[in-house]
Amino acid sequence: MASLERPVCQIFSFQDCKTSPDPIFELPAQCLTPTSAPIVIDNGSFQTRAGWGAPVAEFASPRLLFRSVAARSRGAARSETQIGNDITNLEPLRWLLKSQFDRNVVVNFEIQELIFDYVFTHLGVASEGSVEHPMVLTEAPCNPLHCRQMMSELLFECYHVPYVSYGVDGLYSFYYNNYHRNIHPPHTGIVLSSGYHCSHILPVINGRLDAVNCKRVNVAGSQAASYLQRLLHLKYPGHLAAITLSRMEELLHEHSYTAVDYHEELEKWRSPDFYEREVHRMQLPFSGKVPGGCVSVEERQERRAQQLRRLQEINARRREEKLQQDHVRLDKLMAVQELLDDGLLDQFHKSLVELNMDSAEELQSYINKLQLAVEQGRQKLLHSDGAEGKMEVSELEQPMDEGDGVMLMDPDFPEDTLPEKPANVVQPMFNMAEYHQLFVGTERLRCPEILFQPSLTGEDQMGLMETLQYVLARYTPEQQEALVSNVFLTGGNMQYPGMRERVERELLAMRPFQSHFKVTMASQPALDAWYGARDWALEHPPGGAAEGWISRQDYEEKGGEYLSEHCSSNVFIPMKLAKPVAARPAESSITTQTSTAASAGISMITSALTPSCSTVAADVSMVTS
């Protein structure tokens with residue numbers, strides 16, 4: 001935490017970073033010789049990271065980093081959809097924002113295709129005919145077979161890629177950091193991965209993911225940002241438009257921290273000195289000009305005169321339009337009256353029906369009224385401007401004098417009714433800068449806390465550490481010791497200061513007395529998944545029957561949901577559908593030749609078997625769904 005030497009008043013400004021469009025790179029020659037280099041894509045729910053899996057220092061980091069979102073102007077066509085860093089401002093007031101994810105699973109493959117097009121175009125890969133590069137792609141833990149089938153269909157059928165490999169981002173980061181810490185395989189540990197939409201607990205035993213005991217917690221970075229926005233909206237209702245979701249994400253990334261002991265840390269904030277020392281004042285942009293602050297009497301009179309002139313012009317325009325409409329209406333009625341004068345009774349009665357009138361007397365009465373209105377309109381247009389100006393003054397002052405008690409509630413509202421103050425009276429100064437400041441105090445630790453206490457936001461589920469305790473209870477004591485000896489934290493939502501210390505404190509409380517555990521943090525929690533996928537692609541080149549790669553032939557023979565397993569992948573569990581056995585013709589002929597008693601016995605057996613048959617059908621429908 002902060003020391004006493006820090007300044008008492010800490011004022012910060014929002015960076016409001018504007019993204020610049022990504023450059024379009026040329027296809028490097030090193031990625032074509034001797035074989036095509038793999039394209040490595042970390043398809044994250046918050047950010048997409050893409051680059052080359054080539055053993056060249058230039059490609060040791062991802063070349064593209066952009067938000068996993070597509071933006072379209074309201075009412076625009078698909079051709080105007082913008083992707084990634086081409087979107088200058090992500091605020092949804094102007095854009096319709098869509099992501100390919102639902103929670104952490106890809107379901108919107110139209111957006112996913114647009115993101116692939118963006119990646120291939122900016123990496124310099126021509127995707128019109130086919131993409132001649134293998135692809136390493138991350139997917140969600142325990143990804144549904146249907147989602148993997150749709151992704152494989154998109155890659156093999158639309159882009160004609162030669163090989164595809166799927167892996168879990170948290171496991172890629174786990175093995176990458178174990179390698180750099182010189183931990184020798186087989187690796188055993190438990191991965192706590194927290195991203196933008198979900199958090200996962202992934203136990204790894206002897207180098208393979210134990211998919212049966214994986215758990216997901218539906219609380220992560222997006223819920224923390226929404227919670228912080230809700231808190232500040234309630235605290236500052238006058239700045240609703242300025243408290244945007246992107247600024248809340250900036251507050252979380254730059255100014256929030258995780259309390260080692262939540263209740264003890266909240267008690268510290270009760271102290272005024274601690275509050276003044278630790279509160280972060282976020283300065284919102286504002287205009288220093290105070291409306292009506294230093295306005296002279298002459299300026300007010302000039303503004304009033306301008307308002308009168310505008311009001312006179314508006315009224316004159318409305319009168320002209322009304323007079324023109326009355327003229328058109330009068331001409332139409334006079335034309336109907338001429339039909340009566342000419343003796344065309346049929347056409348006259350037909351026109352009366354169209355005008356919704358009953359008789360010629362009603363028509364004549366309406367014509368007289370219109371003539372009178374037209375004459376009065378002409379007289380008003382010819383009337384002198386002086387009398388009209390007096391009338392407009394009374395009309396302008398009427399809302400203030402006969403309104404709904406505005407003067408009684410706020411006497412400062414009508415400025416012209418107040419007496420002029422002498423120049424020597426000292427008026428109190430209003431600090432506009434302080435009015436446009438957000439005091440972010442306990443919100444700095446309350447929002448990251450929802451990862452451990454989802455009930456703060458109304459979520460009815462266990463927190464991350466409670467779920468970890470539930471997962472550990474499913475193993476033997478020896479396996480628990482092996483798992484907690486390597487507790488690994490990764491994911492962008494794990495970057496809060498104090499996160500590692502908080503996990504260690506929670507583990508100390510839940511583990512038996514004098515038991516040992518070790519908690520490590522990823523070197524780069526948001527990027528290590530891409531680095532791990534790149535290292536795996538360099539160590540396992542595609543070709544032949546290489547482990548972890550799905551070829552075009554495998555896709556055609558084994559289906560789109562097929563997965564070639566490797567150390568960082570999910571576990572492939574094929575879906576088996578029970579097929580009903582058709583009755584043989586011989587059995588039907590024997591049944592027809594039986595006696596009456598035998599047929600009664602068979603009917604009893606059939607009725608007894610009916611529940612089991614329905615159960616089998618229900619099982620088949622459940623497997624199919």
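Now for a description of the structure that goes with this document. Being a predicted model, the structure only gives us computed values, none of them experimental. (Residues numbered from 1 in each chain as written. Predicted model: local features only at pLDDT ≥ 70, side-chain atom pairs only at ≥ 80, totals over all residues. Heavy atoms only, no water.)

## A short note on the overall build of the chain
Then comes step 1: Helices and strands together make up the secondary structure of the chain, namely 21 helices and 20 strands.
Then comes step 2: The buried share among the 625 residues of the chain stands at 40%.
Then comes step 3: At a minimum sequence separation of 6, the contacts of the chain that also span at least 24 residues come to 71%.
Then comes step 4: Carbon and sulfur atoms make up 55% of the accessible area of the chain, which totals about 35,200 Å². (Helix = DSSP H or I, 4+ residues; strand = E, 2+ residues; numbered from the N terminus. Buried < 20%, exposed > 50% of the residue type's maximum accessible area, 1.4 Å probe, protein only. Contact = heavy atoms within 4.5 Å. Areas by Shrake-Rupley, 256 points an atom, 1.4 Å probe, with all protein chains shown as cover.)

## A few points about the pattern of salt bridges
Then comes step 1: Tallied over the full model, the rule gives 22 salt bridges.
Then comes step 2: Put simply, arginine 208 and glutamate 565 hold a salt bridge, and the shortest N to O gap is 2.9 Å. Linking arginine 208 in strand S14 (residues 208–209) with glutamate 565 in the loop between helix H19 (552–558) and helix H20 (585–592), this pair joins segments that are 357 residues apart in sequence.
Then comes step 3: Salt-bridge contacts for arginine 277 lead to glutamate 278; the nearest nitrogen and oxygen are separated by 4.0 Å.
Then comes step 4: A residue is classified by how much of its surface remains accessible, and arginine 277, at 18% relative accessible area, is buried.
Then comes step 5: Overall, glutamate 278 belongs to the buried group, its relative accessible area being 1%.
Then comes step 6: One network of salt bridges, in which partners are shared, links Glu157, Arg552 and Glu556. (Salt bridge = Lys/Arg side-chain N within 4 Å of Asp/Glu carboxyl O.)

## Observations regarding the nonpolar core
Then comes step 1: Core analysis: the biggest nonpolar cluster contains 50 residues, and Leu192 and Leu438 have the highest contact counts within it.
Then comes step 2: Listing elements by their share of this core, those giving two or more residues are strand S12 (189–194), helix H4 (221–235), helix H5 (245–255), strand S17 (437–440), helix H15 (464–472), helix H16 (477–484), strand S18 (487–490) and helix H17 (499–510).
Then comes step 3: Broken down by element, this core gets its largest block of residues, six residues, from H4.
Then comes step 4: Leave out the neighbours within four places in its chain, and leucine 438 touches Phe14, Leu232, Tyr236, His239, Ile243, His280, Arg281, Met282 and Leu284.
Then comes step 5: Counting residues in each nonpolar core, the second largest holds 40 residues, with Phe116, Met151, Val164 and Tyr166 among its members. (Core = buried A, V, L, I, M, F, W, Y, C linked by side-chain atoms within 4.5 Å.)

## Considering unusual backbone geometry
Then comes step 1: Cis geometry is adopted by the peptide bond preceding proline 186, which originates at proline 185 and carries an omega value of 0°.
Then comes step 2: Here proline 186 shows up in the loop between helix H3 (169–180) and S12.
Then comes step 3: With phi around 55°, cysteine 142 is a residue other than glycine that occupies positive phi space.
Then comes step 4: Along the chain, cysteine 142 falls in the loop between strand S10 (135–139) and helix H2 (145–158).
Then comes step 5: We note that glutamine 514 has phi near 65°; this positive angle belongs to a residue other than glycine.
Then comes step 6: Following the sequence through the fold, glutamine 514 ends up in the loop between H17 and strand S19 (519–521).
Then comes step 7: The class for glutamine 514 is exposed, based on a relative accessible area of 65%.

## A closer look at helix H10 (residues 360–382)
Then comes step 1: With 23 residues, H10 should cover 33 Å at 1.5 Å per step; its first-to-last C-alpha distance of 33 Å lies within 8% of that length.
Then comes step 2: If you check which residues of H10 are buried, you get Leu363, Ile367, Leu370, Val374 and Gly377.
Then comes step 3: If you follow the buried residues of H10, they end up packed against helix H8 (297–341) and helix H9 (345–354). (Expected span 1.5 Å × (residues − 1).)

## Observations concerning the packing of H15 against H17
Then comes step 1: Contact geometry of H15 with H17 gives a least axis separation of 11 Å together with a crossing angle of 45°. By the angle between their directions, the pair H15 and H17 is classed as oblique. Viewed along their axes, H15 and H17 form a crossing whose handedness is right-handed. Facing H15, whose interface residues are Met465, Leu468 and Gln469, H17 presents Val503, Glu506, Leu507 and Met510.
Then comes step 2: Within the contact of H15 with H17, the residues separate by chemical class into five nonpolar, one polar and one charged. (Axes fitted to C-alpha atoms, helices over the stretch in contact; angles between N-to-C directions. Parallel < 35°, antiparallel > 145°, perpendicular 65-115°, else oblique. Left-handed = near helix turned anticlockwise from the far one by under 90°. Nonpolar A, V, L, I, M, F, W, Y, C, P; charged D, E, K, R; others polar.)

## Section: the sheet that holds strand S16 (residues 280–283)
Then comes step 1: One open sheet accounts for three strands, arranged S1-S16-S17; its pairing is mixed. The outermost strands of the open sheet, each flanked by one partner alone, are strand S1 (11–13) and S17. Ignoring which end each strand starts from, the neighbouring axes of this sheet average 30° apart.
Then comes step 2: Pairing analysis gives four bridges linking S16 to S17, with the strands arranged antiparallel. Bridge assignment links glutamine 283 to a residue of S17, and that residue is glutamine 437.
Then comes step 3: Packed onto the sheet, H5 meets S1, S16 and S17 and runs at close to 145° relative to S16. (Pairing = 2+ DSSP bridges.)

## A look at H3
Then comes step 1: Under the 1.5 Å per step criterion, the end-to-end length of H3 is 17 Å for twelve residues, consistent within 8% with the ideal 16 Å.
Then comes step 2: The buried count for H3 comes to nine of twelve residues, which makes it a mostly enclosed element.
Then comes step 3: Directly after H3, the chain includes asparagine 182, whose backbone phi takes a positive value near 60°.

## Topic: the environment of arginine 67
Then comes step 1: With respect to the element layout, arginine 67 can be found in strand S4 (residues 64–67).
Then comes step 2: Note on arginine 67: relative accessible area 23%, which makes it partly exposed.
Then comes step 3: Separated by 22 residues in sequence, arginine 67 and serine 45 have C-alpha atoms that sit 8.3 Å apart.
Then comes step 4: Leaving out residues up to four positions away in the same chain, arginine 67 has contacts with Phe46, Gln47, Gly84, Leu90, Tyr196 and Glu249.
Then comes step 5: Of the polar contacts made by the side chain of arginine 67, one reaches the side chain of glutamate 249; its length is 3.4 Å. (Polar contact = N/O pair within 3.5 Å; in protein donor to acceptor, adjacent residues only side chain to side chain.)

Don't take any of this as a statement about function, it's just geometry.
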